[in-house]
Amino acid sequence: MKQITSTQNPYIKQLVQLQDKARARKQSGTFIIEGQREIMLATKGGYEIETILFVSDFFTENEARQLGGRTAQYIEIARDVYQKLAYRDTTEGIIAIAITKNTNLDSLQLKDNPLILVAEAPEKPGNIGALLRTADAAGLDAVIIANPKSDMYSPNIIRSSVGCIFTNNIATGTTGEVIEYLNNNNINIYCATLQDSTSYHEQNYNSPTALVVGTEATGLTQEWRDAAKQNIIIPMGGAIDSMNVSVAAAILIFEAKRQRGFTN
């Protein structure tokens, strides 16, 4: 089995670029997964693991092979090499190189009567991660990011989603493309916005539904408000008129799930 002990190894330098640069991930079609739980969720979500790098002080070769499967390559690395690649402060001693999935809208495979979350132009990885965690908890059929501002396979999003990027059915596209996709699939659009809105709990979400949220700073664009079957609002009793996007999305999602008889 191959071993790498130097942080100056050319392959390790390539992996550092893969960790740091969205362009490198796009060009190679691969990305880095750090941590045992995240690797397990990725394989469960159908991601192909290309390479497993592990520190023998923390993982045996047999344990690493149980995570990566038969087709992966296995490389034992020194601790300082691992620290060079690791994004998190905690040390688990295992990293995987995985192949990205197609996130085109046409790649979505929806069940009958889907419930979908759409987020327009979310910028903060922490918010994206929280949205993905909520979507996983609710068992949504899909999460669509319209006009994405971040690379979905960035280490920030993987970390903040606690691996839920791998457990969700995810697609991206422009706002126009997403609206066209929803209309073509007869999915009702409900937009969370202040303008021309009714209370969210007065609507019926039992038919195919897309719940659409925007950024806290600017909200949804006019294009979404015009496309909505109904604009909806969460009544608030405080001095401000907005809340964290992931909190707002959770309120809307679980009301829709309640109406659909959601039980764990």
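Quick caveat, the model's predicted, so the values are computed rather than measured. (Residues numbered from 1 in each chain as written. Predicted model: local features only at pLDDT ≥ 70, side-chain atom pairs only at ≥ 80, totals over all residues. Heavy atoms only, no water.)

Enquirer: What am I meant to see in the layout of surface pockets here?
Expert: In this model, the second largest pocket occupies a volume close to 350 Å³. Around the second largest pocket, the lining is made up of 15 residues, and of these Lys26, Ser150, Asp151, Met152 and Tyr153 lie nearest the centre. (1 Å grid on protein atoms, 1.4 Å probe; cavity = no way out; pocket = protein on both sides within 12 Å on 5 of 7 lines; lining within 4 Å. Points joined across faces, edges and corners; volume = space filled by probe spheres on them.)

Enquirer: I keep staring at the nonpolar core and nothing clicks. Help me out?
Expert: Within soluble globular proteins, side chains that are nonpolar tend to cluster in buried spots. Formed by 48 residues in total, the largest nonpolar core has its most connected members in Ile33, Ile52, Leu132, Ile165 and Leu211. No other element matches the six residues that helix H10 (residues 245-259) contributes to this core. Sequence-distant contacts of isoleucine 33, that is, excluding residues within four places in its chain, are made with Glu38, Ile39, Ala42, Ile49, Ile94, Ile95, Ala96, Ala98 and Phe166. Core analysis: the next-biggest nonpolar cluster, separate from the first, contains 20 residues, Ile179, Tyr181, Ala210 and Trp224 among them. (Core = buried A, V, L, I, M, F, W, Y, C linked by side-chain atoms within 4.5 Å. Buried < 20%, exposed > 50% of the residue type's maximum accessible area, 1.4 Å probe, protein only. Helix = DSSP H or I, 4+ residues; strand = E, 2+ residues; numbered from the N terminus. Contact = heavy atoms within 4.5 Å.)

Enquirer: Sorry if this is basic, but what is going on with the sheet that holds strand E11 (residues 209-213) here?
Expert: Backbone-to-backbone hydrogen bonds join strands into a sheet, with any given pair of strands oriented parallel or antiparallel. Reading across the sheet, the seven strands line up as E8-E7-E6-E11-E9-E12-E10 and stay open at both edges, with parallel pairing between neighbours. Each edge of the open sheet is held by one strand with a lone partner, namely strand E8 (170-173) and strand E10 (197-199). Neighbouring strand axes in the sheet, compared pairwise and without regard to direction, differ in orientation by 30° on average. Sheet topology note: the strand E6 (residues 115-120)/strand E7 (residues 142-146) ladder contains five bridges and is parallel. Residue pairing in the sheet places alanine 119 in a bridge with isoleucine 145 of E7. On top of the sheet, helix H8 (residues 175-184) reaches E6, E7, E8, strand E9 (188-192) and E11; it is set at about 145° to E7, its chief contact. Running over the sheet, H10 touches E6, E9, E11 and strand E12 (230-233) and is turned about 160° from E11. (Pairing = 2+ DSSP bridges. Axes fitted to C-alpha atoms, helices over the stretch in contact; angles between N-to-C directions.)

Enquirer: Is there a simple way to think about the pairing of strand E5 (residues 94-99) in this case?
Expert: Remark: a regular strand shows side chains that alternate across the two faces of the sheet. With five of its six residues buried, E5 lies for the most part within the structure. Bridge count between strand E3 (residues 49-54) and E5: five bridges; the pairing is antiparallel. Its bridge partner lying in E5, phenylalanine 54 is registered against isoleucine 94.

Enquirer: Is there a simple way to explain empty space enclosed by the protein in this structure?
Expert: Which parts of space are left empty comes out when a probe the size of a water molecule is rolled across the atoms. Enumeration according to the criterion identifies one cavity of 30 Å³ or more in this entry. The calculated volume of the largest cavity comes to roughly 80 Å³. Lining of the largest cavity is provided by Gln19, Ile32, Ile33, Glu34, Glu38, Tyr87, Arg88, Pro155, Ile158 and Arg159. When contributions to the lining of the largest cavity are tallied by element, the ones reaching two or more residues are strand E2 (30-34) and helix H7 (155-160). The class makeup of the residues in the lining of the largest cavity is five nonpolar, one polar and four charged. (Nonpolar A, V, L, I, M, F, W, Y, C, P; charged D, E, K, R; others polar.)

Enquirer: How do you make sense of the side chain of glutamate 76 when you look at a structure like this?
Expert: Tracing the chain through its elements places glutamate 76 in strand E4 (residues 73-77). Here glutamate 76 is buried and forms no salt bridge, its nearest opposite-charge partner arginine 65 lying at an N-O distance of 10.0 Å. A polar contact of 3.1 Å, which involves the side chain of glutamate 76, links it to the side chain of glutamine 3. Contacts of glutamate 76, omitting those with residues within four sequence positions, involve Met1, Lys2, Gln3, Ile4, Phe54 and Ser56. (Lys, Arg positive; Asp, Glu negative; His and termini not counted. Salt bridge = Lys/Arg side-chain N within 4 Å of Asp/Glu carboxyl O. Polar contact = N/O pair within 3.5 Å; in protein donor to acceptor, adjacent residues only side chain to side chain.)

Enquirer: Help me understand the packing of aromatic side chains in this model?
Expert: What describes a pair of aromatic rings is the distance from one ring centre to the other and the angle between the planes of the rings. Summed over the entire model, instances satisfying the criterion amount to seven aromatic pairs. Judged by centre distance (5.9 Å) and plane angle (80°), the rings of phenylalanine 31 and tyrosine 47 are edge-to-face. Of this pair, phenylalanine 31 sits in strand E2 while tyrosine 47 sits in the loop between helix H3 (36-44) and E3, placing them 16 residues apart in sequence. In terms of burial, phenylalanine 31 and tyrosine 47 fall into one category: buried. (Phe/Tyr/Trp six-rings, centres within 6.5 Å; stacked < 30°, edge-to-face > 60°.)

Enquirer: Is there a simple way to think about H3 in this case?
Expert: In an α-helix, one turn spans 3.6 residues; hence positions three or four apart end up facing the same way. Within H3, the full set of buried residues consists of Glu38, Ile39 and Ala42. For H3, the angular spread of the buried residues around the axis is 100°, confining them to a single face. If you follow the buried residues of H3, they end up packed against E2, E3, helix H4 (61-68), E5 and H7. Note on H3: the residue one or two positions beyond its end, glycine 46, has a positive phi of about 90°. (Arc of directions from axis to C-beta.)

Enquirer: Just checking my understanding: could you explain unusual backbone geometry for this structure?
Expert: Outside of glycine, negative phi angles account for most residues, and trans bonds account for most peptide bonds. The backbone of asparagine 147 shows a phi angle near 50°, a positive value even though the residue is not glycine. Residue position: asparagine 147 is located in the loop between E7 and H7. Residues other than glycine seldom take positive phi values, yet valine 162 does so here, at roughly 55°. Mapped onto the elements, valine 162 comes out in the loop between H7 and E8.

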